[in-house]
Amino acid sequence: MIKVIEEKDLQELLSRCKTGDRNAQREIYKRYYSSAMGICIRYATNRTESVKIMNNGFYILFSNSVLPKPKETFSENLQMIMIHSVITYYKNEMAGNIEKSMLYDSFDNFAFERSLASHHLLSAVQKLPLIQRLIFNLYAIDHYSNVEICKMMNITTPFLEKILFTARSTLSNINI
């Protein structure tokens with residue numbers, strides 16, 4: 001019964017967001033801040049960058065007032081919006097030159113000389129070069145298929161496989 005009330009409340013809030021209701025937008029932001037930040041921080045190199053990405057995602061949500069498709073939950077829809085925001089942010093940062101940044105970004109192995117507990121894995125992933133971090137997260141964490149990632153990032157399958165191999169190799173060299 002509570003879940004039905006929450007869904008009805010959520011639909012009402014989303015409808016109000018569509019009309020530009022700032023209070024409804026604020027409520028959605030407060031409710032889903034943690035989920036959205038959790039997605040963005042996996043991709044970003046630091047908290048400031050993740051907040052920029054997340055806020056852009058919420059801007060997209062509120063400006064389009066995207067309502068979930070019948071087979072999607074709002075959380076799934078929000079996740080897709082945040083991942084789209086991440087990709088857009090980094091494509092703009094790289095000025096559309098993904099392939100050049102793949103191997104030329106440096107990876108600081110010295111930062112990983114200390115022993116890492118499982119909660120340090122996020123930090124390890126955040127220090128991967130940009131393209132490796134994006135693709136590793138999409139594939140290993142968010143479970144997108146190779147085909148979906150290639151379409152989102154506008155890259156070829158061999159290039160994707162090379163990046164995934166390099167990211168896994170880098171992460172496997174970390175002493176946990």
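Calculation rules
Residues numbered from 1 in each chain as written. Predicted model: local features only at pLDDT ≥ 70, side-chain atom pairs only at ≥ 80, totals over all residues. Heavy atoms only, no water. Phe/Tyr/Trp six-rings, centres within 6.5 Å; stacked < 30°, edge-to-face > 60°. Helix = DSSP H or I, 4+ residues; strand = E, 2+ residues; numbered from the N terminus. Buried < 20%, exposed > 50% of the residue type's maximum accessible area, 1.4 Å probe, protein only. Expected span 1.5 Å × (residues − 1). Axes fitted to C-alpha atoms, helices over the stretch in contact; angles between N-to-C directions. Parallel < 35°, antiparallel > 145°, perpendicular 65-115°, else oblique. Left-handed = near helix turned anticlockwise from the far one by under 90°. Contact = heavy atoms within 4.5 Å. Nonpolar A, V, L, I, M, F, W, Y, C, P; charged D, E, K, R; others polar. Polar contact = N/O pair within 3.5 Å; in protein donor to acceptor, adjacent residues only side chain to side chain. Bend = angle between axes of the 7 residues up to and from the residue. Core = buried A, V, L, I, M, F, W, Y, C linked by side-chain atoms within 4.5 Å.

Draft legend 1. Inspection of the packing of aromatic side chains at higher detail. Within the structure shown, the criterion is met by five aromatic pairs. A centroid spacing of 4.7 Å and a plane angle of 65 degrees characterise the contact between Y32 and F74, whose relative ring orientation is edge-to-face. You can see Y32 sitting in helix α2 (residues 22-43) and its partner F74 sitting in helix α4 (residues 74-93), a full 42 residues away along the chain. The class for F74 is buried, based on a relative accessible area of 5%. The structure contains a cluster of three or more aromatic residues connected by ring pairs, namely Y29, Y33, F58 and F62.

Draft legend 2. Local environment of helix α7 (residues 130-141). Over its 12 residues, α7 extends 16 Å from the first C-alpha to the last, a length consistent with the 16 Å expected when each residue adds 1.5 Å. Here α7 lies mainly inside the structure; nine of its 12 residues are buried. Residues of α7 that are buried include every one of L130, I131, Q132, R133, L134, I135, F136, N137 and L138, and no others. Where α7 terminates, the next one or two residues include H143, which has phi positive at roughly 60 degrees.

Draft legend 3. Molecular detail of the packing of α2 against helix α3 (residues 47-64). Where α2 meets α3, the closest approach of the two axes is 9 Å, and the angle between their N-to-C directions is 135 degrees. By the angle between their axes, α2 is oblique relative to α3. As for how α2 packs across α3, the hand of that crossing is right-handed. Note on element contacts: α3 touches α2 through R47, S50, V51, I53, M54, N55, F58, L61 and F62, opposite Q25, I28, Y29, Y32, Y33, A36, M37, C40 and I41. When the residues that make up the contact of α2 with α3 are grouped by side-chain class, the tally is 14 nonpolar, three polar and one charged.

Draft legend 4. Spotlight on the environment of S63. Of note, S63 is situated in helix α3. With relative accessibility at 43%, the residue S63 sits in the partly exposed group. S63 sits 45 residues away from K18 along the chain, and the two C-alpha atoms are 7.7 Å apart. Reaching out from S63, the side chain makes a polar contact with the backbone oxygen of I60 at a distance of 3.2 Å.

Draft legend 5. Spotlight on α2. Of all the bends in α2, the greatest, near 60 degrees, is centred on Y32. Along α2, the residues that are buried comprise A24, Q25, I28, Y32, A36, M37, I39, C40, I41, R42 and Y43. Sitting at the amino-terminal end of α2 is D21, which places a side-chain oxygen 2.9 Å from the backbone nitrogen of N23.

Draft legend 6. Main features of the nonpolar core. Formed by 43 residues in total, the largest nonpolar core has its most connected members in I28 and F58. Those elements that provide at least two residues to this core are α1 (2-18), α2, α3, α4, α7, α8 (146-153) and α9 (157-172). Discounting chain neighbours no more than four positions away, the residues touching F58 are I28, Y29, Y32, Y33, A36, L78 and M82. A124, V125, F136 and A167 belong to the second largest nonpolar core, which has six residues in total.

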